[in-house]
Each structure stands twice: as structure tokens, then as C-alpha cells.
Amino acid sequence: MNLDDLNIEQRNAVTQMKGPIMIVAGAGSGKTRTLTYRIAHLLQQGVSPYNIIALTFTNKAAKEMKDRIIDLVGVQANALLAGTFHSIFSRILRQEGYKIGYDKNYTIYDDDDSKKLIADIVKGLNLDDKNYRKGKVLSRISQAKCALFSPMDYENRPDFIAEDEKSNMGMLYKVYQIYQNRLRQSMAMDFDDILFNMNILLRDCKDVKEKLQRRFEYILVDEYQDTNYSQYLIVKKLAEYHRNICVVGDDAQSIYSFRGANISNILNFNKDYPDATTYKLEQNYRSTKNIINAANSIIAHNENQIPKTIWTANDDGSLLSYKALSSDREEADWVGRKIATDIEAGEVGKEIAILYRTNSQSRAFEDSLRLKNIPYIIYSGTSFYSRKEIKDVLAYLRLVVNHRDDEAFLRIINYPARGIGATTMDRLKIASQTMESSLFETAERLTFDNAFNISKRAVQTLIDFCTMINSFTIRIDSVDAYTLGKEIVQRSGIKTELSLMKDTEDKDRLENVEELLVGMQSFVENDEENIVDSLTGEEISIKDKTLDVFLQQISLMTSTDVDENDSEGKVKLMTIHAAKGLEFNNVYVVGMEENLFPSAMSFATRDDIEEERRLFYVAVTRARKHLYLSSAKMRFRNGELSFTETSRFVGEIDKKYLLSEDTRETSPLRVKEKINFSYTPREKERTTITLKKKQPLTTLHHNVLTEKKTTTTINLKPKGVVEEDDWRLADFAEVEPGVKVRHSKFGCGVVVSTEVVDRDKRAVVDFFQFGNKTLILKFAKLEIKEN
DNA sequence: ACTCCTTGGGTTTTT
DNA sequence: CCCAAGGAGT
């Protein structure tokens, strides 16, 4: 390790051994390098890796950091505790949680489980699910938890209750309370509980608190600007004894306030630690001057920020570019073509990224890249693990590990079908409430002459089911995850169920299940995962490859925790949020439109729009060499065609650094200058057509094209109905599939499809009396009904 | 009990 | 558009 690799500010931050440190690290300022060197330096100074904890934003970031430290100072660094808040503290809770009433094998509920549970509670309380929408309820509960309000605290806050009443959710405190009880009963935690319970553990168990405080002589927190109150407090408590806490962050990159991140954590660091040293890393090593200057001009529009000047000694590089395309399809096509030329010019795929605001934007770019045979990979959170068949298998695994996991039980008790229907389930639920035990334990104890009217046949089925699950459970500790998983898939009947099906769709499902098993296999065979026993203090490395550990690991995976081998050479597609902390030579930031980016949801407050701007700042600063912005003037969103306006953010970039090309004036598809106008056919009658459609499918290891049944809905009026009023000449852009039009010769019809050939838009129209006709819109004077 | 289909509602970002 | 829930028919 050579400290000369660092600039003076970095070196000072690396070598200060004692006391609290805040590193305000601008984008690309060598933050990771500084953290890495700091840990390596500590180790060289004789600090045991066992006494260091590094909290990062993704598991991948932790792993990379560890690898780099190993390169610097050797394998001893393997014993370092590094990972996300959720993964590290969930591990500690596995060991110590029994002190606050949690088994070692507690389940982590994902959002889906939580929402189902909430829906059930809302139903049980006879509340209107229109008012108590599960997403809203969950996010409200989440907010409360992140700020460490227990259900009891919540109930005693008139201001919270009043706020809830305003949105017709006055009973939310009750829902929260029951939700928490039910989680407990199921021996489950949601994501926020991991942090909440870690706080409880530190508050109520003095022995644990002191042990951890003493152990973590050095604490490092990355992306500190995105920690919430709950995380903040954990860190603060852990640091109380040694006070060697080092936080790294950039207020300009705070983009997670929607999940409780509190920017004041970083702004107030000096209040908590008056003796803290602040280091500012302002030299950017990543990007060209043009990119940095442009980024600075953007963020200058925000009022709230720590003053700093990011600069770079790198070359000017090329100007940023902005291109306005006429439609979302064309935008995707343009980006695809541009990427093809990037690659021809010698750029490697993995150094190119397409960044967007919302996940739903990815599809168009997938299609475009596939058409051009450019390999790509999408980083989208849970796309693989949220597939039905995968969730089914995981539910088996979860129930095997934790019998009290009611959501898992509900999911698979009748999958594959074994004749347990709604009636039996209703009775079993009543039984479980009466007996105050989980569904599984209730089922297990049922007798043929039970008091709940459950039929003999059903009782037998339930007991058989429990016996099967139990036969797996007893082997958890003696068999590795892969072996057990394979057996479960086989013996549960899932494999048979899926392989009996003839549809290509079901074949894909089977393949996905196999893929999951492959994932389990590599989990078992991968030797890198080291677990330091935080309970005994022994520096041991357990290769714990059991099912419960596997489940825990995948439930806390982040979207970018993808095996590097799988992304090799591939263009990367992800949301800007997911791109945080990453960098690429060429970056395409797409969908630069008002209402999309900035999101329409952000217009309410200045804070929200500032957060969107920080998000844009993050996007821009991902690029090393080239940055391309693009937008589409027409975009299909939620089944509607809408006309867009260029994002205000484009205009906020200092013109000196931007080459702007807007095809608005020359487009053959010029539309009325009507801002954010969107057109919905007035007719509500729908026809639903089921058709097979090729569509991309992202599995664990590759992207493939699969056939999927989709239902397409077309709005149309019943044949023969003619209306005489309110017709007007149609704009080209309004003529889109599904729209009803009128022609002077052919009468009324419905647009079947449209295409643009040589700048001319054509439409195939199915006329009620004359059948399909292809019309060139320039000549055909089509009319549309005014709405 | 199960399946298919209609209907309705929502729609940012994620551990 | 996409998903989920509920209804109707088997």
C-alpha cells in the first residue's frame, strides 16, 4: 500500500487514527479509494479486522471494497465485517435476537408479504380498502418505523392520528398495531423491523450493547447522506464507546428521502461530535471538465447544500449532448444506434449505461438493443425473485425454515393443488386465531373430530402437508441449501406440476426454477462468504451453507448485487437510483421530460424537486467520458399517448457545456403546442384479445426471448353506431391503434396499427363497412371525435 | 374447488 | 399499460 496514491486531503482522512471524522466526498472524488485505504491502513497499524465494521450501500460495494483491501494488505482482511445495514444487522439479530423474542430462523417479509398481510388486516377490521390502500398503509407504517415510533408511540401522537384522519385512515394506528402483532406471531420482520429491532436490542440489552460497542473500535459508514433516523441511531450508539466513527457522504447525492433518509444526519454530524474533523474531497478523478462543469451548473439550482467546489484536472472532453426524439420508440432506437457506434468505436459494452427514472422505461431499450444484437443486462431489483414460480418455491423454503411464516403457508398450502380451498382455509384461520398459533402449527395439531368443522379429508391433507414440510425441516442443519432445495422442488410436486404443462410459458417457469437451483448451487459452492462470529468474538470463518442462510441472503439482495461474470461485456440498464455509486465511460440519461424526470409526484414541494435535481446530478456524474441526454415528444404511458415537454433540467445545464439538438421544428409528426396534453378515447367499450407475444425475460443469468400470453384491450364502439356530432380533423399523432376515426369516403373505423415510413406516418384502419385500408395520413383527411 | 375472464384502479425511486 | 381482485361458469 502506497499512501502516495492519495491526495493530501484523502491521505489525512486515511491516516487520522482517532476521533470522529466526516468526509464530505463529491462525486468521483475517490471516496471508495479513501475508505479502502483507511481500512487497509488501520489493519497495517495493527487493528484487528474483527474490530472494524464497514456499512455500505450494497453488498456488492462491500465485497469490492473487501477485495481491494485484500489486495492491499492480504487475506487477513477477510474477517472484516462489511455489508449493508440490513444484512449485517439481520445477521446480528439471528444471533442475539432471542433476547428480544426472536428465533434464529426468523423470516424476512418482503413488500409483497407485507402488503398481503395489510390487506388481510384491513379486511378483518372491516375497513374500506379504498381508503386504506395497502401501499399507502405500508409506506406510512414504514415511515413510523424508520423514525422509531412503535405502535404504542404512534397511538399517542395526536398529530399522526390527525394526519391519518385527513386521508381517511384514522384507524391506521390500529392497523399498525395488528400488523406488528401478526409479524411477531409469524416470527417475521419486515425490512424496517431489522433496523427497528436492532435499536431495541441496543436499548434493552445492555450486555449486547456493550459487547458491540467495545468490539467496533472503528466504524465506517458509506453514503451517510442516505441513512434514516433508525440507522443513524444504531451507528451513534455503536460509536459511543470508542468514538472512532468515520462517515462518508455527499449531501448533493441524497436521493432516498422517500424511504426515510434524512439529510440532516450529515448536516448535523458536527453537533453530535463537536470534536469531529471534516475532510472535503473536492477533486474529481472520474469525469471530464465538461461533465463536471455541467453537473455543477445543475446542482447550483438547489438552495440547500453544503458549499463546495468540485473540480477536475481531467481533459475538457466532449460536450454533453441532448437530443429530442419524436417518440419513445424513436428514442430507444436512437440510443440503440448510438450505442452500436460506441461499440464500433471500440467501447466495451459494460462501460455503457442507460439510466432512467422509472423501471417501466426499460422495455423500449431492451427491444432496441436486442434488435441490434447488443448484449445487455438489466439491473432491476427483484425481477427474477418476484416471479410467481420463484416465489412459490421460496415460500416452500421459507416454511421449511420457519413454520410460523403464515404468508408462506398461505401461498403454498394449495400449490400444487391438493384440494384445500377457501372454505377449509377460512376454518383453519378461525382455528388458528382461537388456538393463538400459526396456521402451520394449527394444521399440525388438528384432529379428525375438530371443533372447527374442517372435514376429515381436509384434515388428512393438511397433516400430510405438515409431515412433508417437517421431513425437510429436520434436515436443515445436516444438508446444504442446494441439496435440500432440489429435494423440495421435487417432492413438493412443483417440478411435476410444471413439467406436465405443455405451454411454452410453463417450460419457462420450469427453467426459472432450475435457474434458482443453480443459484443455490453457486451459493453453496462459493467459498468467499465469511462470517465472523459476532457473539463469541472468535475470529472464525464459518462456511454456513444452509437453507436459512441462503434465504436471508437473497431476501436482502440489492439490485446491483449481480455476479460480475453475468454482466461481463453487457450494456447496463438501470434506474438512476440503482446507479448510485457506479461509474461508466458512456452514460445515456433517457426520458428527459417534465412529469417523468422530474417526476410528476415531485411538484408539490421545493424539497421534492430538489431531490429530483440531486438525482439528475447523480445521473450526470456517473459518466467518465460521454454523456447523452434524450427525450421523446410523444410517449406511451399507462396505455395512453401523451405529449411531453422537455425536462426543466436540460435547460438548467449551462449552455457552454451542452450541444442541444431538438428535432421539433423538422419533425413530420409536429403536434399542436399543447403542454402535457393527453388523449383518451371517450368510448369505454373494450374488446379483449388474447395473443401470444414474444417478450424479453430476465433470468438470473441471462436474457432470453420467451412467448407470453398477453391480453390486449382495444377501445371501440359497437359496429354500426354512428355519431354525427363533434368531429374534427385529427392530428397525425392522435391517430394511434384503438382510436376511432372517420373518413370522407370510407366512413367510420378503428385504427389497427400505425408506422412511419420515410417521415410519413401511415395507418391501417379497419373500416366498419370497407374493412382494412392503409392510409397515408398526409393525404387522408381523417377525422377524430372531439372529447 | 378451480379456471378463466372481466373489471377496476394505480402508476417513482428500494432495503 | 400492468396488476390484482372478484365473478361467472365449469
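Small disclaimer: the values here were computed from a predicted structure and weren't measured. (Residues numbered from 1 in each chain as written. Chains lettered and ligands numbered in written order. Predicted model: local features only at pLDDT ≥ 70, side-chain atom pairs only at ≥ 80, totals over all residues. Heavy atoms only, no water.)

## Some points on the overall build of chain A
Then step 1. A tally of helices and strands in chain A yields 30 helices and 27 strands.
Then step 2. When each of the 787 residues of chain A is scored for burial, the buried share is 54%.
Then step 3. Summed over all atoms, the accessible surface of chain A reaches about 34800 Å², with 49% contributed by carbon and sulfur. (Helix = DSSP H or I, 4+ residues; strand = E, 2+ residues; numbered from the N terminus. Buried < 20%, exposed > 50% of the residue type's maximum accessible area, 1.4 Å probe, protein only. Areas by Shrake-Rupley, 256 points an atom, 1.4 Å probe, with all protein chains shown as cover.)

## Considering the confidence of the model for chain A
Then step 1. Of all residues in chain A, 87% attain a pLDDT of 70 or more, and the chain-wide mean is 86.
Then step 2. Confidence drops under a pLDDT of 50 for residues 715-725, and excluding neighbours within four residues, the segment shows 25 contacts in the predicted structure. (pLDDT = per-residue confidence, 0-100. Contact = heavy atoms within 4.5 Å.)

## Considering helix H17 (residues 362-371)
Then step 1. Along H17, the positions that sit buried rather than exposed are Ser362, Phe365, Glu366, Ser368 and Leu369.
Then step 2. Positive backbone phi, approximately 55°, marks Asn373, located one or two places after H17.

## Remarks on the pattern of salt bridges
Then step 1. A complete count under the given rule lists 47 salt bridges for this structure.
Then step 2. With a closest N to O distance of 3.0 Å, Asp367 and Arg370 form a salt bridge. Here Asp367 pairs with Arg370, and both are found in helix H17, just three residues apart, close to one helical turn.
Then step 3. The exposure class assigned to Arg370 is partly exposed, which follows from its relative accessible area of 25%.
Then step 4. In this structure, a network of salt bridges that share partners links the residues Lys31, Asp222, Glu223, Asp226 and Lys580. (Salt bridge = Lys/Arg side-chain N within 4 Å of Asp/Glu carboxyl O.)

## Let's talk about the side chain of His403
Then step 1. With respect to the helices, strands and loops of the structure, His403 is situated in the loop between helix H18 (388-401) and helix H19 (406-412).
Then step 2. Dropping the residues within four chain positions of it, His403 is found in contact with Ser438, Phe440, Ile469, Asn470 and Thr473.

## With respect to the protein's contact with DNA strand B
Then step 1. With respect to spatial proximity, 28 residues lie near DNA strand B, and among them Arg133, Arg357, Asn359, Asn414 and Asn638 are the closest.
Then step 2. Atoms of DNA strand B within 4 Å of the protein belong to the sugar or the phosphate in 51% of instances, the rest to bases.
Then step 3. In this structure, Asn359 approaches DNA strand B through a main-chain N or O atom, which is 2.8 Å from a phosphate oxygen.
Then step 4. Within the side chain of Thr575, one N or O atom sits 3.1 Å away from a phosphate oxygen of DNA strand B.
Then step 5. Every element with two or more residues in the surface near DNA strand B is listed here: helix H20 (422-435) and strand E20 (686-698). (Near = heavy atom within 4 Å. Polar contact = N/O pair within 3.5 Å; in protein donor to acceptor, adjacent residues only side chain to side chain.)

## Let's talk about the packing of helix H5 (residues 111-124) against helix H6 (residues 134-146)
Then step 1. Contact geometry for H5 and H6: axes closest at 9 Å, N-to-C directions at 110°. Considering the angle they form, H5 stands roughly perpendicular to H6. Here Asp111, Ser114, Lys115, Ile118 and Ala119 of H5 come into contact with H6, specifically with Lys134, Gly135, Val137, Leu138 and Ile141.
Then step 2. Of the residues belonging to the contact of H5 with H6, the class tally is five nonpolar, two polar and three charged. (Axes fitted to C-alpha atoms, helices over the stretch in contact; angles between N-to-C directions. Parallel < 35°, antiparallel > 145°, perpendicular 65-115°, else oblique. Nonpolar A, V, L, I, M, F, W, Y, C, P; charged D, E, K, R; others polar.)

## Side note on the nonpolar core
Then step 1. Ranked by size, the top nonpolar core spans 55 residues in total, and within it Phe409, Leu428, Phe465 and Leu547 carry the most contacts.
Then step 2. In terms of residue count, the dominant contributor to this core is H18 (nine residues).
Then step 3. Setting aside its immediate chain neighbours within four residues, Phe409 contacts Leu399, Met425, Leu428, Leu439, Phe440, Ala443, Leu462 and Phe465.
Then step 4. Grouped together as the second largest cluster of nonpolar side chains are 44 residues, Leu195, Ile200, Cys205 and Leu556 included. (Core = buried A, V, L, I, M, F, W, Y, C linked by side-chain atoms within 4.5 Å.)

## Re the sheet that holds strand E2 (residues 52-56)
Then step 1. Overall, parallel pairing links the six strands, which are arranged E3-E2-E6-E7-E1-E8 in an open sheet. Each edge of the sheet is formed by a strand with only one pairing partner; in this case those strands are strand E3 (81-84) and strand E8 (277-281). Across the sheet, the mean angle from the axis of one strand to that of its neighbour is 15°, orientation sign disregarded.
Then step 2. With four bridges connecting them, E2 and E3 associate as parallel partners. For Ala54, the partnering residue across the bridge sits in E3 and is Ala82.
Then step 3. Helix H2 (residues 31-44) rests against strand E1 (21-25), E2, strand E6 (218-221), strand E7 (245-249) and E8 of the sheet, and its axis sits at about 170° to E6. (Pairing = 2+ DSSP bridges.)

## Quick notes on the side chain of Arg94
Then step 1. Note that Arg94 resides in helix H4 (residues 85-96).
Then step 2. No salt bridge is formed by the buried Arg94, whose closest oppositely charged neighbour, Asp548, lies at an N-O distance of 6.3 Å.
Then step 3. A polar atom in the side chain of Arg94 sits 2.9 Å from the backbone oxygen of Lys104.
Then step 4. Those residues in contact with Arg94, other than ones at most four positions away along the chain, are Lys104, Asn105, Tyr106, Ile108 and Gln552. (Lys, Arg positive; Asp, Glu negative; His and termini not counted.)

## Concerning the pairing of strand E23 (residues 740-743)
Then step 1. The alternating pattern of E23 places Lys740 and Arg742 and Val741 and His743 on opposite faces, both of which are buried.
Then step 2. Where E23 and strand E24 (residues 747-757) come together, four bridges link them in antiparallel fashion. Residue pairing for E24: His743 is matched across the bridge by Gly747.
Then step 3. From the end of E23 to the start of E24, which pair antiparallel, there are three residues.
Then step 4. Two elements, E23 and strand E27 (residues 783-785), share two bridges in a ladder whose sense is antiparallel. The partner of Arg742 across the bridge, within E27, is Glu783.

## Observations concerning the environment of Ser90
Then step 1. Here Ser90 shows up in helix H4.
Then step 2. The buried category is assigned to Ser90, whose relative accessible area is 0%.

## A few points about the environment of Lys237
Then step 1. Note that Lys237 resides in helix H12 (residues 229-239).
Then step 2. The class for Lys237 is buried, based on a relative accessible area of 18%.
Then step 3. For the pair Lys237 and Met189, spaced 48 residues apart in the sequence, the C-alpha separation amounts to 22 Å.

## Focus on helix H8 (residues 158-166)
Then step 1. Of all the residues in H8, the buried ones are Phe160, Ile161 and Asp164. Viewed along the axis of H8, the buried residues span an arc of 95°, placing them on a single side of the element. Exposed residues lying more than 90 degrees from the buried face of H8 are Pro158 and Lys166.
Then step 2. Lining the buried residues of H8 we find H6, helix H7 (151-155) and helix H9 (172-185).
Then step 3. Asn168, located one to two residues past H8, shows a positive phi value of around 60°. (Arc of directions from axis to C-beta.)

## Describing the packing of aromatic side chains
Then step 1. Following the criterion strictly, the structure yields 17 aromatic pairs and no others.
Then step 2. Judged by centre distance (5.2 Å) and plane angle (45°), the rings of Phe57 and Tyr256 are tilted. Here Phe57, found in the loop between E2 and helix H3 (59-73), pairs with Tyr256, found in the loop between E7 and helix H13 (264-267); they are 199 residues apart in sequence, far enough to count as distant.
Then step 3. By relative accessible area, Tyr256 is classed as buried at 8%.
Then step 4. With a centroid separation of 5.7 Å and 80° between ring planes, the pair formed by Phe597 and Phe616 is classed as edge-to-face. Here Phe597 is found in the loop between strand E15 (584-589) and helix H29 (606-620), whereas its partner Phe616 is found in helix H29, with 19 residues between them in sequence. Residues Phe597 and Phe616 agree in their burial class; the two are buried.
Then step 5. In this structure an aromatic cluster arises from ring pairing among Phe149, Tyr154, Phe160 and Tyr176.
Then step 6. Here Arg94 stacks its cationic end above the ring of Tyr106, 3.9 Å away from the centre of that ring. (Phe/Tyr/Trp six-rings, centres within 6.5 Å; stacked < 30°, edge-to-face > 60°. Lys NZ or Arg CZ within 6 Å of the ring centre and 35° of its normal.)

## Thoughts on unusual backbone geometry
Then step 1. Residue Pro416 is bonded to the preceding Tyr415 through a cis peptide linkage, with omega at -5°.
Then step 2. Tracing the backbone shows Pro416 in the loop between H19 and H20.
Then step 3. A cis amide bond links Phe597 with the next residue in sequence, Pro598, at an omega value of 5°.
Then step 4. Residue position: Pro598 is located in the loop between E15 and H29.

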